[in-house]
Amino acid sequence: MHILLNPGPVNVSPRVRAALGGPDICHREPEYFDVQDAVRAQLPIVFGAPPSEYTSVLLTGSGTAMVEAMIASAVPPGGRLLVVRNGVYGQRIGQMAAAHAVACDTLAAPLVERPDPGAVDRALARTRYDALAIVHHETTTGLLNDLAPIAAVARARRVRLLVDAVSSLGGERFDCPSWAPDAVACTANKCVQGLPGISFALVRREFMETMRAYPERSVYLHLPRHHLDQERRSTPFTPAVQIVRAMQAAVEELAEETVAARIARYARAAAIVREGLEALGLTLLLPPTLRSNTLTTIKLPFGVAYSTLHDALKREGFVIYAGQGAFADVCFRVANMGHVEEADFRRFVDAVGACVG
């Protein structure tokens, strides 16, 4: 088995994998709805979103599907969205808005810098916006955006805050009570350590009710439709039943480990990778203050092509990830999400040393 050092899909535990081996069940039967109910009830609790204020909704599809569903569902008729962009995934949100005919403006920041909250505030002051969308962790570079001041600006300007937390929730601090986001999109197959195919969102209950009156810009990617049926122990379409069952096991594992302990475990893994690669003479793209807990972007050594490094490391049992966007030809990325032991990260550093030494 390869150690996956890409930012999802991730290596999962034997317990999560075993959950796939249960009996086949129909998605219209109580046996499935018991699983669906259990997962949905646990999600706000695990992530510290007060259940009295937040509800959860599942969607069969990748994290990108949930982000698109959030964007398509969260803007009122005639409304306008502001997207804060400092990476490929912020850019993608703008593309989603355009695809669903949501009026949208973009506030761009450099790829290796955090957005300026003052600039966000000034943009919100110039035009009447209904929602502000931002990516928490830009896996383009491994940069973690500082949500606290952005959330404060959104509250002060009374605009809805939509967060792409696909690669951060479960691996980074996320203060729902303090930041009070209106909708947070995530997936099972990154820091939650589930399998690909199921995504979810945490949504403020009053906002979910408000969205019911918004345009249905998509048949499948309309969050209120999924939520209403799930609240009734139903589902509008066929979900990935077995993957939801694996997600239940993953969420149970996360609850047992606790999010705080997982964050600490990921931090130890990141330190092993970063300190080890720097000791080999490799250069990390971002300064420590900007780095996420779960992904590191490293400059390729002079004269070493990504494909050569990737193939050599894969032969040693490790899968790395190419650079993205402007860094596609000059960097590679290493994620430390998933069910991976610290000894594996040490072996990885040794393998890189053998490849570039």
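Notes on the structure follow. (Residues numbered from 1 in each chain as written. Predicted model: local features only at pLDDT ≥ 70, side-chain atom pairs only at ≥ 80, totals over all residues. Heavy atoms only, no water.)

Notes on the overall build of the protein chain
For clarity, the cut-off: Under the scheme used here, helices are H or I runs from DSSP no shorter than 4 residues and strands are E runs no shorter than 2 residues, and both carry numbers assigned from the N terminus. Atoms counted for the radius of gyration: C-alpha only. Globule rule: 2.2 Å times the number of residues to the power 0.38. Working rule for contacts: check all heavy atoms of both residues, and any pair within 4.5 Å makes them a contact. His is not counted here, nor are the chain ends, while Lys and Arg score as positive and Asp and Glu score as negative. The atoms used to mark charge sites are NZ of Lys, CZ of Arg, CG of Asp and CD of Glu.
On a plain count of helices and strands, the protein chain comes out with 13 helices and 14 strands. Computed over C-alpha atoms, the radius of gyration of the protein chain comes to 20 Å, within 12% of the 21 Å expected from 2.2 N^0.38 for 357 residues, which places it in the range of a compact globule. Its C-alpha atoms give the protein chain principal-axis dimensions of roughly 60 × 55 × 30 Å. In the protein chain, the proportion of contacts linking residues at least 24 apart, taken out of those at least 6 apart, comes to 72%. Of the charged side chains in the protein chain, 36 are positive and 36 negative; the average position of the first set lies 4 Å away from that of the second.

Points about the environment of Asp-37
So the rule is basically this: Remark: exposure states derive from per-residue accessible area (1.4 Å probe, protein chains only) relative to the maximum for the residue type, with buried under 20%, exposed over 50%, and partly exposed in between. Between N or O atoms, a polar contact is any pair within 3.5 Å; within protein, one atom must be a potential hydrogen donor and the other a potential acceptor, and residues adjacent in sequence are included only when both atoms are from side chains.
Tracing the chain through its elements places Asp-37 in helix H2 (residues 30-46). Residue classification places Asp-37 among the partly exposed residues on the basis of a relative accessible area of 25%. Separated by 197 residues in sequence, Asp-37 and Ser-234 have C-alpha atoms that sit 9.9 Å apart. Contacts of Asp-37, omitting those with residues within four sequence positions, involve Gln-230 and Arg-233. At 2.6 Å, the side chain of Asp-37 forms a polar contact with the side chain of Arg-233.

Regarding the sheet that holds strand E13 (residues 321-322)
Just so we agree on the cut-off: Strand pairing is defined by DSSP finding a minimum of two bridges between the two strands.
Ordered in space as E11-E14-E13, the 3 strands form an open sheet in which the pairing is antiparallel. The sheet terminates laterally at strand E11 (295-299) and E13, the two strands that pair on one side only. Taken together, the 2 bridges between E13 and strand E14 (residues 331-335) define a ladder with antiparallel strand orientation. Residue pairing for E14: Tyr-321 is matched across the bridge by Arg-333.

Examining the pattern of salt bridges
Operational definition: Salt bridges, as used here, are contacts in which a Lys or Arg side-chain nitrogen is within 4 Å of a carboxyl oxygen on Asp or Glu.
By the definition in use, this model includes 20 salt bridges. Two residues, Asp-37 and Arg-233, come together in a salt bridge whose shortest N-O distance is 2.6 Å. With Asp-37 in helix H2 and Arg-233 in the loop between helix H9 (223-231) and helix H10 (241-257), the pair connects residues that are 196 residues apart, well separated along the chain. Classification of Arg-233 by relative accessible area gives partly exposed; the value is 33%. In this structure, Asp-130 engages Arg-128 in a salt bridge whose closest nitrogen and oxygen atoms are separated by 3.9 Å.

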